[in-house]
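# Examination of the molecular architecture
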Number of protein chains: 2
Amino acid sequence: MLSAYIRYLPSQNVKYVNKHAALDLIRFAPGGISRVALAQRLALTRAAVTSIVNDLIKTDLIRETKTRAPSNGRPPIILEINEERGCVAGVDMGASHLTVIVANFGAQVLAEKEQPFKIADGPEECIRQADAALRSLLSTLGLGLSDLSAIGAGVPGPTIASEGMVLAPPIMPGWDRFPIRDTLEKLWGCPVSLNNDAELGVLGEWAYGAGRGEQNLAYIKVGTGIGAGLFIDGQIYRGATGSAGEIGHMTIDENGPLCACGNRGCLEALAGGRAIVNLARTAIQSGRRTELSANPESLTAMDVSNAAARGDLVAQEVLAEAGNQLGIALTSLVNLFNPNIVVVGGGVAQTGDLFLEPIRKAVLKRSLPAAAHAVRITTSLLGKRSTGMGAVVQALSIALHKIAS
Amino acid sequence: MLSAYIRYLPSQNVKYVNKHAALDLIRFAPGGISRVALAQRLALTRAAVTSIVNDLIKTDLIRETKTRAPSNGRPPIILEINEERGCVAGVDMGASHLTVIVANFGAQVLAEKEQPFKIADGPEECIRQADAALRSLLSTLGLGLSDLSAIGAGVPGPTIASEGMVLAPPIMPGWDRFPIRDTLEKLWGCPVSLNNDAELGVLGEWAYGAGRGEQNLAYIKVGTGIGAGLFIDGQIYRGATGSAGEIGHMTIDENGPLCACGNRGCLEALAGGRAIVNLARTAIQSGRRTELSANPESLTAMDVSNAAARGDLVAQEVLAEAGNQLGIALTSLVNLFNPNIVVVGGGVAQTGDLFLEPIRKAVLKRSLPAAAHAVRITTSLLGKRSTGMGAVVQALSIALHKIAS
DNA sequence: AGCACTTTGTTAATACACTTGACAAAGTAG
DNA sequence: CTACTTTGTCAAGTGTATTAACAAAGTGCT
């Protein structure tokens, strides 16, 4: 009720807004959408929709596909995005991995690549690696940079999207206020969007993954660090300075292990990648039988995760403990935010219920009943692609809307 | 960018939306607003605004007031809400107090009343008391129920505003799914809105208090319980089932005191009204010199608060400890929500910096720097009226928009 | 097979609501 | 007093929707 009217402030003319709304409705509709359904969603008449859809068909961005079996009466014609209209890329520069995805306008992945990467190497070196990876991936498809209409980029720090840079990023030394977007746009010769990796994760899961179409959604990325992307009432929520969702430094245990941020007992220090490794090492040093003791010095969280999936009891206990701590932290998020769904992503989360069940138990035990019962906690459907697919969604937003204008 | 177009779904014709947006802009503009400024905010021309404003003037909801001193050129005419056009009421049914406010259409308080109250007495008894208080207050103004255009009501539980009832409220026995709004509408013969008290608190502070006009705002109410209202991107944020903002049962210390909810170490058990009393009693029993030892059995949090304001060292220490615990909890909120401002309300918070300074210290120490520096932590400007004034805002929303239709 | 009915999509006339361009109104400055 | 500026209004023109009617593509029944 409050200010609902003020929110409608068209900076473009009415038809422009309606056309772009229709394009987004078509794009995010699983299985396409008919003109009649568009009219309903847009609160317009069928006649108005005819005009708008005809404009979009002229741009070749959408096309008529099959008709649906009619219940009774004329079968509706289904409209979908024309996937052959062009290509975009998503570039996920993570703390320790680089993922590059090339997709068509229908958001279908044409090729992808992941490689080791250190965001801490600084902007010039990281951009050089991302560029080389992108060009290499494109060449496997017989494509070049000029075939990309737009590119979405993700980084592990708080971004000011409008400025195309990060602000005081905790784990990105040398990147503070570096003109990331402008640099990439010059290098790649097409429009680039820049977002925080967890934001893109929630976007990817909302658009095409486990949280598809949900209204209030949190995406938790469990990696070296732990971050959350928040999707509130149909929008990414960034907060006042772009740092919303910082869950990794939530105090879980005041007397817990020292965290990289300087405090004690942060979630990251209890359930992040390093914490999982440390828990495993402690168990090894106490003489527990586990396949992990083969090489404790080079242990990774993924080693623990894989061993757990293979039935290793110690690894399973470590994951359960980390899951429990994450569940304790999620109590706050669930109580404050009251989401429909929490999607847990990152490599460790792919073990599924071994990690998720302790999370669910802790949330159910510790959250208020109303919020606990309202939330579904699930693993990512996009696997390690959540952020990369979110970057693809951002790139498509730029590309499609630009062509439609 | 994402779905920005889809958000514009006018369920009314365009002029209706613009007229109501103009009304809200006028209403929430401190000191009124000119037609030229309206045109800017609405992205319309001066000519279009003339037509809209003339319609609103015909309803007698707004009027032209003084002109402002011109910098150079014609002085703009200031438009304001016509405060004499009618009256509304705000009824705040809290856990232990009932507050009733009668205000005019300009949101100026004409009369108010507060009395002891127990929400746990159940809906019939509570509604009876609220009704009597409202009628009594109106009679001091020579008014009756028929003089009210609408009424806003607040309760301390998770509300589904569209249903006009509360859902599984933790501290409101007997109220679950009771048709509160429908009952009040029949009893009072005018439209009634129903909202959670913390939601109304944040609304009141946003509209007329310390958070006026802020984009991302949290209001913390420290009473017997502790709750938060969240205001995100221009809207109250309720969550999936209306329970967003439940901060009182956030785990601060796993080994802390038992909370009424059954868990240990909840914020409410460490910093709520009962916790403050318990901390004071512990100090008394350990032999500390304090004016509070005069009558420990009937001690209230307000007694502690007032003694602290008078310089009592023990009382100040108790407040500082409660403030510290609240600050620890606010770390999570600040990290997750990255607000511009946190407004702390409720009786205890009126002692000001004695309570706020420990909060600020804990937030600054424990939150990520970006979020900690972006947030201003302040006490409520509306004092104990935050929720009641939020209820007035809701009532005005109903009344003004109905007349404008 | 033909007809009645239903739902979907289109067309052209009409209605609505804004913009444009010009002018009036109310100030300041020289 | 004149020139200039900003604010507010008016009427003609423009943009974009709605309405009413019809065409199109099915199902179901006789």
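Residues numbered from 1 in each chain as written. Chains lettered and ligands numbered in written order. Predicted model: local features only at pLDDT ≥ 70, side-chain atom pairs only at ≥ 80, totals over all residues. Heavy atoms only, no water.

## Considerations on the protein's contact with DNA strand D
Taken together, 23 residues lie near DNA strand D, and T45(A), R46(B), G73(B), R74(B) and I77(B) sit nearest. For DNA strand D, the fraction of protein-proximal atoms (within 4 Å) that sit in sugar or phosphate groups is 64%. Between T45(A) and DNA strand D, the recorded distance is 2.7 Å, taken from a side-chain N or O atom to a phosphate oxygen. The side chain of T50(B) places a nitrogen or oxygen atom 3.0 Å from a phosphate oxygen of DNA strand D. Secondary-structure elements contributing two or more residues to the surface near DNA strand D are helix 1 (14-27) and helix 3 (46-58) of chain A together with helix 2 (35-42) and helix 3 (46-58) of chain B. Considering each element in turn, the surface near DNA strand D owes the most residues, three residues, to helix 3 of chain B. (Near = heavy atom within 4 Å. Polar contact = N/O pair within 3.5 Å; in protein donor to acceptor, adjacent residues only side chain to side chain. Helix = DSSP H or I, 4+ residues; strand = E, 2+ residues; numbered from the N terminus.)

## Overview of the sheet that holds strand 1 (residues 33-34) of chain B
All names here are of chain B. Ordered in space as 1-3-2, the three strands form an open sheet in which the pairing is antiparallel. The open sheet is flanked by strand 1 and strand 2 (62-67), the only strands paired with a single partner. The pairing of strand 2 with strand 3 (residues 77-81) spans four bridges and is antiparallel. The residue bridging R63 from the neighbouring strand is E80, located in strand 3. (Pairing = 2+ DSSP bridges.)

## As for the relation of the copies chain A and chain B
The relation between the two chain copies is a rotation about an axis coupled with a shift along that axis. When chain A is fitted onto chain B, the two copies agree to an RMSD of 0.1 Å after a turn of 180° and an axial shift of 0.0 Å. The operation mapping one copy onto its partner corresponds to a two-fold rotation axis. Of the residues that chain A buries at the interface, 100% are likewise interface residues in chain B, meaning the two copies contact each other through the same surface. (Least-squares fit on C-alpha atoms with pLDDT ≥ 70 in both. Contact = heavy atoms within 4.5 Å.)

## A word on the side chain of S34(A)
All names here are of chain A. Mapped onto the elements, S34 comes out in strand 1 (residues 33-34). Within the structure, the side chain of S34 is placed 3.2 Å from the backbone nitrogen of A37, a separation counted as a polar contact. The residues touching S34, leaving out its near neighbours within four places in the chain, are P76, I77 and I78.

## Overview of the interface of chain A and chain B
Between chain A and chain B, the residue contacts involve 67 residues of the former and 67 residues of the latter. When the two sides are added together, the surface that chain A and chain B hide from each other amounts to roughly 6100 Å², 60% of it contributed by carbon and sulfur. Taken together, the links from chain A to chain B amount to zero salt bridges. Counting every contact that joins chain A to chain B gives 17 residue pairs in polar contact (both at pLDDT 80 or more). Considering each element in turn, the side of chain A that touches chain B owes the most residues, eight residues, to helix 1 of chain A. When the residues that make up the side of chain A that touches chain B are grouped by side-chain class, the tally is 37 nonpolar, 21 polar and nine charged. (Buried area = accessible area lost by both parts, 1.4 Å probe. Salt bridge = Lys/Arg side-chain N within 4 Å of Asp/Glu carboxyl O. Nonpolar A, V, L, I, M, F, W, Y, C, P; charged D, E, K, R; others polar.)

## With respect to the protein's contact with DNA strand C
If you check the shell around DNA strand C, you find 23 residues, and the closest are R46(A), G73(A), R74(A), I77(A) and T45(B). Each atom of DNA strand C within 4 Å of the protein was assigned to sugar, phosphate or base; sugar and phosphate come to 65%. Taking R74(A), its main chain carries an N or O atom lying 2.9 Å from a base oxygen of DNA strand C. Ranked by residue count, the leading element in the surface near DNA strand C is helix 3 of chain A, at three residues. Residue composition of the surface near DNA strand C, by class: 10 nonpolar, eight polar and five charged.

## Section: the domain arrangement of chain A
Residue and element names in this part refer to chain A. Here chain A is described as being made up of domain 1 (14-81), domain 2 (86-204 + 388-404) and domain 3 (210-381). Taken together, the contact between domain 1 and domain 2 spans 10 residues of the former and nine residues of the latter. When residues of domain 1 are sorted by the area they lose upon contact with domain 2, H20, R27 and L61 head the list and together hold 54% of the total. Counting across the interface, domain 1 meets domain 2 through zero salt bridges. Summed over the shared surface of domain 1 and domain 2, the result is five residue pairs in polar contact (both at pLDDT 80 or more). Counting residues per element, the side of domain 1 that touches domain 2 draws most heavily on helix 1, at five residues. Class assignment for the residues of the side of domain 1 that touches domain 2 results in five nonpolar, two polar and three charged. (Domains from an automatic or database assignment.)

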